[in-house]
Amino acid sequence: MAVETKYVVVRKGEEKMTFANKKDADAWDKMLDMADAFTDWLQQHQPELDEAQAEALGMLLAEQKDAVQHILRTSKLPDAVKEDAVESEEVAIAEPAEESASAPEKKVRAVKAA
């Protein structure tokens, strides 16, 4: 018989997520705390926002905290967001699947110097 340890993140009496290690559970719990703080802040400053919208925006901001921090520091989009936008534009402009399937696709990644 095997014994498994599971870490469960519980919010308002509801199980949100189960993890195999404490570190991941703590990180998820911290992100949910941040999402709650963003939600409360949004509801205070934008009372016309309904609760579901405020929660969705709060969760988005918490999940994308690195990008939000970068934007706050530099007033510019992070490179990863720019690359995603460029790739989605390339997909929209791409030739029909039959022609593009014959040519192998090369991906070029930009590397920042330290």
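Basis of the calculations
- Residues numbered from 1 in each chain as written.
- Predicted model: local features only at pLDDT ≥ 70, side-chain atom pairs only at ≥ 80, totals over all residues.
- Heavy atoms only, no water.
- Pairing = 2+ DSSP bridges.
- Helix = DSSP H or I, 4+ residues; strand = E, 2+ residues; numbered from the N terminus.
- Contact = heavy atoms within 4.5 Å.
- Expected span 1.5 Å × (residues − 1).
- Buried < 20%, exposed > 50% of the residue type's maximum accessible area, 1.4 Å probe, protein only.
- Arc of directions from axis to C-beta.
- pLDDT = per-residue confidence, 0-100.
- Axes fitted to C-alpha atoms, helices over the stretch in contact; angles between N-to-C directions.
- Parallel < 35°, antiparallel > 145°, perpendicular 65-115°, else oblique.
- Left-handed = near helix turned anticlockwise from the far one by under 90°.
- Salt bridge = Lys/Arg side-chain N within 4 Å of Asp/Glu carboxyl O.

A. Local environment of the pairing of strand 1 (residues 7-11). Across five bridges, the pairing between strand 1 and strand 2 (residues 14-19) is antiparallel. Residue pairing across strands places Arg11 opposite Glu14, the latter belonging to strand 2. Counted between consecutive antiparallel strands, the loop separating strand 1 from strand 2 contains two residues, among which Lys12 sits at a positive phi close to 50 degrees.

B. Expanded view of the side chain of Thr39. On the secondary structure map, Thr39 appears in helix 1 (residues 22-45). With residues near it in sequence (within four places) discarded, Thr39 still touches Ala54, Glu55 and Gly58.

C. Quick peek at helix 2 (residues 51-63). Here helix 2 is 13 residues long and its end C-alpha atoms lie 18 Å apart, about the 18 Å a rise of 1.5 Å per residue gives. Of the residues making up helix 2, those classed as buried are Ala54, Gly58 and Ala62. Seen along its axis, helix 2 keeps its buried residues to an arc of 65 degrees; they face one direction. Packed against the buried residues of helix 2 are helix 1 and helix 3 (65-74).

D. Highlighting the confidence of the model for the protein chain. Mean pLDDT over the protein chain: 80, with 69% of residues reaching 70 or higher. Looking over the protein chain, one finds the lowest element-wise mean pLDDT in helix 5 (residues 97-102), namely 47, and the highest in helix 2, namely 94. Contacts for the low-pLDDT stretch residues 95-102, under 50 throughout, to residues beyond four places or in other chains number one contact.

E. Summary view of the packing of helix 1 against helix 2. Relative to each other, helix 1 and helix 2 sit at 135 degrees, their axes nearing to 7 Å. Classified by the interaxial angle, the pair formed by helix 1 and helix 2 is oblique. In the packing of helix 1 onto helix 2, the handedness of the crossing is right-handed. Seen from helix 1, the contacting residues are Trp28, Met31, Leu32, Met34, Ala35, Phe38, Thr39, Leu42 and Gln43; seen from helix 2, they are Glu51, Ala54, Glu55, Leu57, Gly58, Met59, Leu61, Ala62 and Glu63.

F. Representation of the pattern of salt bridges. Counted by the stated rule, this structure contains six salt bridges. Residues Arg11 and Asp36 are paired through a salt bridge, measuring 2.9 Å at the closest nitrogen-oxygen approach. Here Arg11, found in strand 1, pairs with Asp36, found in helix 1; they are 25 residues apart in sequence, far enough to count as distant. Classification of Arg11 by relative accessible area gives buried; the value is 15%. For the salt bridge of Glu14 with Lys16, the shortest nitrogen-to-oxygen distance reads 3.7 Å. Overall, Glu14 belongs to the partly exposed group, its relative accessible area being 46%. Given a relative accessible area of 40%, Lys16 falls into the partly exposed group. Among the charged side chains, a network of salt bridges with common partners joins Arg11, Asp29, Asp33 and Asp36.

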